[in-house]
Amino acid sequence: MHALSFLDEERYSSQPSKWTQHLIESLYNFDCTMGRSLRSGRQLKSLSPPKQRGGAKKAAATDVPKTTKPAPTKAGRAKKVAQKQTVSKEEEEKDSTASESGSESESGSDSESSDEVEKVVPVPLKKAKVAAKEESSEDDDSGSEEDSSEGEDDDGGDDDQGFTDENAKWLKPKQSKMQLMESDEDDDEEDDEFGSASNEGSDDEMLEVERQSRIIDEEMKLEQEEAESELRRTIAQQTSVYHLPTAEELEEDENRVVPPSELRERIDDILEVLADFKTRREPGRSRSEYIERLGQDMAELFGYLQELVDYFLSMFGPNECLEFLEASDKSRPLVVRVNTLKARRKDLAAALMKRGVRLDPLANWSKVGLKIYESTVPIGATPEYLAGHYMLQSAASMCPVMALGPQPGDRVMDMSAAPGGKTSYIAQLMRNKGVVIANDLKPERQKATVANLHRLGVRNAVTCCYDGRKIGAQMRNSFDRILLDAPCSGLGVISRDPSVKVQRTIPDVKRCAHLQKELLVAAIDALNHKSKKGGGYMVYSTCSVAVAENEEVVNYLLSKRDVKIVDAGLDFGKPGFTRFEHKRFHPSLALTRRFYPHVHNMDGFYVAKIQKLSDKRHGEAEKKEEAVKEAAGDTTKAETETEVEENMRSEKKKKRIKKFRRNEDRDEQQVVRKKSKMSIPNAQVKKSTKKTNAKVSKPRRMKITGM
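Remember, it's a predicted structure, so these values are computed and weren't measured experimentally.

Parameters at a glance
Residues numbered from 1 in each chain as written. Predicted model: local features only at pLDDT ≥ 70, side-chain atom pairs only at ≥ 80, totals over all residues. Heavy atoms only, no water. Salt bridge = Lys/Arg side-chain N within 4 Å of Asp/Glu carboxyl O. Helix = DSSP H or I, 4+ residues; strand = E, 2+ residues; numbered from the N terminus. Buried < 20%, exposed > 50% of the residue type's maximum accessible area, 1.4 Å probe, protein only. Axes fitted to C-alpha atoms, helices over the stretch in contact; angles between N-to-C directions. Parallel < 35°, antiparallel > 145°, perpendicular 65-115°, else oblique. Left-handed = near helix turned anticlockwise from the far one by under 90°. Contact = heavy atoms within 4.5 Å. Nonpolar A, V, L, I, M, F, W, Y, C, P; charged D, E, K, R; others polar. Core = buried A, V, L, I, M, F, W, Y, C linked by side-chain atoms within 4.5 Å. Pairing = 2+ DSSP bridges. pLDDT = per-residue confidence, 0-100.

### Concerning the pattern of salt bridges
So, point 1. Taken as a whole, this structure holds 25 salt bridges when the rule is applied.
So, point 2. Here Glu374 ties to Arg358 by a salt bridge, and the two come within 3.7 Å at their closest N and O atoms. Here the residue Glu374 occupies a position in strand S3 (residues 369–374), and Arg358 occupies one in strand S2 (residues 358–361), the gap between them amounting to 16 residues.
So, point 3. Here Glu374 falls in the partly exposed class, since its relative accessible area comes to 47%.
So, point 4. Here Arg358 falls in the partly exposed class, since its relative accessible area comes to 48%.
So, point 5. When the shortest N-O distance is used, the salt bridge between Glu518 and Arg469 registers 3.5 Å. In this pair, Glu518 sits in helix H24 (residues 506–526) while Arg469 sits in the loop between strand S7 (461–464) and helix H22 (471–474), placing the two residues 49 residues apart along the sequence.
So, point 6. Among the residues examined, Arg469 registers a relative accessible area of 44% and is labelled partly exposed.
So, point 7. Each of the salt bridges in this network shares a partner with another, and the network as a whole consists of Glu262, Arg266, Arg293 and Asp297.

### Considering unusual backbone geometry
So, point 1. The omega torsion across Ala418 and Pro419 is 5 degrees, close enough to zero to call that bond cis.
So, point 2. Structurally, Pro419 is set in the loop between strand S5 (411–414) and helix H20 (421–430).
So, point 3. A positive phi is found at Arg431, a non-glycine position, where the angle reads about 60 degrees.
So, point 4. Tracing the sequence through the fold places Arg431 in the loop between H20 and strand S6 (435–439).
So, point 5. At Glu581, a position not held by glycine, the phi torsion is positive, near 55 degrees.
So, point 6. As for its placement among the helices and strands, Glu581 is situated in the loop between strand S12 (579–580) and strand S13 (583–584).

### Looking at the packing of helix H15 (residues 306–316) against helix H16 (residues 318–328)
So, point 1. The interhelical angle for the contact between H15 and H16, taken along N-to-C directions, is 125 degrees, at an axis separation of 8 Å. By the angle between their axes, H15 is oblique relative to H16. Handedness of the crossing formed by H15 with H16: right-handed. Contacts between H15 and H16 involve Phe312, Leu313 and Phe316 on the former and, on the latter, Pro318, Glu320, Cys321, Phe324 and Leu325.
So, point 2. Of the residues in the contact of H15 with H16, the class split is seven nonpolar, no polar and one charged.

### Brief notes about the nonpolar core
So, point 1. One finds Met298, Tyr311, Phe312, Ile482, Met538, Tyr540 and Ile610 to be the most contacted residues of the largest nonpolar core, which totals 67 residues.
So, point 2. No other element matches H24, which puts nine residues into this core.
So, point 3. Apart from the residues lying within four places of it in its own chain, the contact partners of Tyr311 are Ile506, Ala546, Val547, Ala548 and Phe580.
So, point 4. Judged by nonpolar contacts, the second largest core, of 36 residues, contains Leu352, Tyr385, Leu483 and Met602.

### Describing the pairing of S3
So, point 1. Pairing between strand S1 (residues 334–338) and S3: four bridges, direction antiparallel. By the bridge assignment, Val335 is partnered in S3 with Lys371.
So, point 2. Strand direction decides the pairing type here: S2 and S3, joined by four bridges, are antiparallel. Bridge pairing in S3 places Asp360 opposite Lys371.

### A few points about the confidence of the model for the protein chain
So, point 1. Looking at the protein chain, pLDDT values average 76 and 63% of them are 70 or higher.
So, point 2. Confidence drops under pLDDT 50 across residues 1–16; counting only partners more than four residues distant or on other chains, this segment forms 19 contacts.
So, point 3. Note that residues 682–690 has pLDDT below 50 and, in this model, one contact with residues that lie over four places away or in other chains.

### As for the sheet that holds S3
So, point 1. An order of S2-S3-S1-S4 is seen for the four strands of this open sheet, with the pairing classed as antiparallel. Lying at the two open borders of the sheet, with one neighbouring strand each, are S2 and strand S4 (390–392). Each neighbouring strand pair of the sheet contributes to a mean axis angle of 35 degrees, computed without reference to strand direction.
So, point 2. Sheet topology note: the S1/S4 ladder contains three bridges and is antiparallel. Bridged to Val338 within S4 is Tyr390.

### A few points about the packing of helix H14 (residues 287–302) against H15
So, point 1. Close contact between H14 and H15 brings their axes to 9 Å; oriented N to C, the two are set at 125 degrees. On the basis of the axis angle, H14 is oblique to H15. For the pair H14 and H15, the sense of crossing is right-handed. Side by side, H14 and H15 meet where Ile291, Leu294, Gly295, Gln296, Met298 and Ala299 of the first sit next to Gln306, Val309, Asp310 and Leu313 of the second.

In structure tokens, the structure reads:
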């Protein structure tokens, strides 16, 4: 029977609302427990007042031993959450046991609830309640009698006080929210200190989630330690000053063989200094000294001539130059071009795969290329190769033909055709329609060209051997399109010919550039800009990365002929240089394309597409005017010179006449003086006679003249 049934309704309604008091106290305690549960992650188990749950807790305490809540460890948030889940399960089990024990002591809990009501009801109501309780509690347990006696003692204290207003007690909570929060935080700290040791010892009892969370925490801890050590190391490296070797130390290195590992380490150190030169450089050292030392180490490590490495450093820069040298030592992938005159790429790929060849399409920009990774048979000796279904050709050498874009029916010329790879590709794009002139200077090289053209089924090609420098005068305005793959130094194909490292010099590059200028001018003269088939285009390409053989040659052509640079139509590749060192080129050279081994995994190549506008030659009119001016100047100069000479002759003649007259006067005066000095009268003076070669006494011979 509920404790409120003993209350007098009228008296209870006249007194302060005890039910309201009980409700407010319950809500306050619920607020405190909710705050603790939100801070610690616990689950709220009951909404009953704490006094009503006290008896159940006491009863449960006798049966189930009290255990501390395993708090989250400092290893990580994931582990803490997993442990809280296990704690919540344990508390649920404890609640179930407490509820069972509470059902056994139901009478004790009722007595306790009645005691709670006694504490809040007035004194007259308490006396009536005690009398009714004595009649109904004869068969109760001893525990309930003790509780009721304790309640009577409490009532006795209230009786002494008399009827008072008890609102003042329950308006002031026994424990403030701040105290509860502080006590809860202290419990969490204690759990953090002592709970970790107990959890470490109970690895076997942990769930799989807890084990995984612990492993993850350990990995995160190791990663953090590694990150800290790496940070310290990088700070030390970035703040340290690199010591550049002195001349004495370099002399010692000359007497010994420096291992490649030491050279590589020195190169890396110099690159780090150059990246942050202001803070990492050695005092008193200039940037040029570091660059010079870097070039020497690179030349020794990769086996290049010093002048070539210096040239590459001026083109690329330190870091990119190192990447270029490394990529030049690596072999390029093997590439074949499908001959669409005889086969399709799909069928050829299937046939080669049956023979054990592992391959892939070359790239999105090529519809006829195949890249071969591995082959169990020689690629240059398969039946498909002998039948002319494909041609061994590098990916970079396909780009000039694609930029030229020959059309069926055009009249095309390949000025340096051997061994016929580009010529056959031109005929393939023209579908054997039109005319292709394959020219090369050396007849020995044309043998391979003829053989490849026959094998690939090309029927519209003509081979010849002319000097390309004279083709412009011999075949003026004869071709719609021209391809000039000019002979070069080969600085872009070092992976295929390593001898270039030690055989090519900068003077060799300049000699090649001079030959390329002559060939390019001759090709423009042989190009027909009035072609009705949309011609008047030519493509200039080299397998070199040197600026002297590429941009300088094209820039020279722009100053000599009426041409312009157009877009090559290639979506990939780097733009050409518009400036190099102190030189400045035409801005349209940015439309040309460069290919590098360290960027595109292709041979180093250069492609420029040029359009001829007219037959005019820049500077010819000026030269004629200069020649006329020079001729006119020469005539006036000759006239002035003759006048001056005549004046000088007349003056000289006058001087001789004056001198002769002075001499005659002087002789006459001397004769007069001698005559006046003679004292002998009638003295005969000998006459001075002039000496002659022939004797006057003898007659001269008469000359006989023929009739």
